[in-house]
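# Per-entry structural report
Each chain, written out:
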Amino acid sequence: MAALRRQIPYTPKAPVRQGIYSQALVLDGTVFISGQLGLDVASGQLVDGGVQAQARQALANMGEVLRAAGCDYGNVVKTTVLLADIRDWDGVDEVYGTFFSGSLPARTAYQVASLPRGGLVEVEAVAVVGPLSDL
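What counts and what doesn't
Positions within a chain are numbered from 1, following the residues in the order the chain's sequence is written. Per-residue local features are limited, in this predicted model, to residues with pLDDT of at least 70; the limit for side-chain atom pairs, both in listing and counting, is 80 or more; totals at the level of whole chains, interfaces and linings are taken over all residues. Working from all heavy atoms in the structure, the side-chain values ignore hydrogens and water. Stacked, tilted and edge-to-face are the three classes applied to pairs of Phe, Tyr and Trp rings, where Trp contributes its six-membered ring and a pair requires centres within 6.5 Å; stacked means planes under 30 degrees apart, edge-to-face means over 60, and tilted covers the rest. Strands here mean DSSP runs of E at least two residues long; helices mean DSSP runs of H or I at least four residues long; both are numbered from the N terminus. Summary of the burial criterion: residues with accessible area below 20% of their type's maximum are buried, those above 50% are exposed, and those between are partly exposed, where the area comes from a 1.4 Å probe applied to protein chains only. A positively charged side chain is recorded as over a ring if its NZ (Lys) or CZ (Arg) lies within 6 Å of the ring centre. The angle to the ring normal must also be within 35 degrees. It is the directions from the helix axis to the C-beta atoms whose arc is reported. Note on terminology: a nonpolar core comprises buried Ala, Val, Leu, Ile, Met, Phe, Trp, Tyr and Cys residues joined through side-chain atoms within 4.5 Å. Contacts: residue pairs with any heavy atoms within 4.5 Å of one another. In this analysis, strands are considered paired if DSSP registers two or more bridges between them.

Two measures describe an aromatic ring pair: the distance that separates the ring centres and the angle between the ring planes. Evaluated as defined, the whole model comprises three aromatic pairs. Relative to Phe100, the ring of Tyr73 has its centre 5.6 Å away and its plane inclined at 85°; by these criteria the two rings are edge-to-face. Of this pair, Tyr73 sits in the loop between helix H1 (50–68) and strand S4 (76–83) while Phe100 is found in the loop between helix H2 (89–96) and strand S5 (106–111), placing the two residues 27 residues apart along the sequence. Since its relative accessible area comes to 5%, Phe100 is described here as buried. If you follow Arg107 out to its NZ or CZ, it ends over the ring of Tyr96, 4.4 Å from the centre.

As structure tokens, then:
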């Protein structure tokens, strides 16, 4: 049996990890992206402006990680959105729609007790490397 190919893409354009994990892991063409908070890369702090601003920044950070893995938003097949308050869902969904269009990825959303650094939203994703075609 052949070994699976694993690579760890990295970009300084997304927040540097603050724990024992990778920004993403690519395993034989499947990209697993760690949860992204609404952290500003330059300051290392959560962006001001509430949940929509944090969602926009989290998804922008995810885009940088996708690019480092050789993908873009069109390669995303599944996302998980973690919210400090599920009542913020409509605002986050509005922002989400500006990053994803066409064939939308599958998605799950949860309210959680708390997020790292007091974040209001965190987004993780699974993507695939290479072109996709719709049936």
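Counting along an α-helix, one turn takes 3.6 residues, and residues three or four places apart therefore face a common direction. Among the residues of H2, Gly91, Val92, Val95 and Tyr96 are the ones counted as buried. Buried residues in H2, looked at end-on, bunch into an arc of 140°, giving them a common side. The outward face of H2, more than 90 degrees from its buried face, is lined by the exposed residues Asp90 and Glu94.

Next up on the list: the nonpolar core. Generally speaking, a soluble globular protein has its nonpolar side chains buried in company with each other. Of all hydrophobic cores here, the largest spans 26 residues; its most connected members are Val31, Ile33, Leu59, Leu66 and Val121. Elements with a contribution of two residues or more to this core: strand S2 (24–27), strand S3 (30–37), H1, S4, H2 and strand S6 (121–128). No other element matches the six residues that H1 contributes to this core. Here Ile33 is in contact with Gln23, Ala24, Met62, Val65, Leu66, Glu124 and Ala125, once residues within four sequence places are set aside.

A few words now on the sheet that holds S6. In space, the six strands of this open sheet follow the order S1-S2-S3-S6-S4-S5, with mixed pairing throughout. Edge strands, defined here as strands with exactly one partner in the open sheet, are strand S1 (6–7) and S5. Judged from the four bridges that link them, S2 and S3 form a sheet pairing that is antiparallel. Paired with Leu25 across the two strands is Phe32, which belongs to S3.

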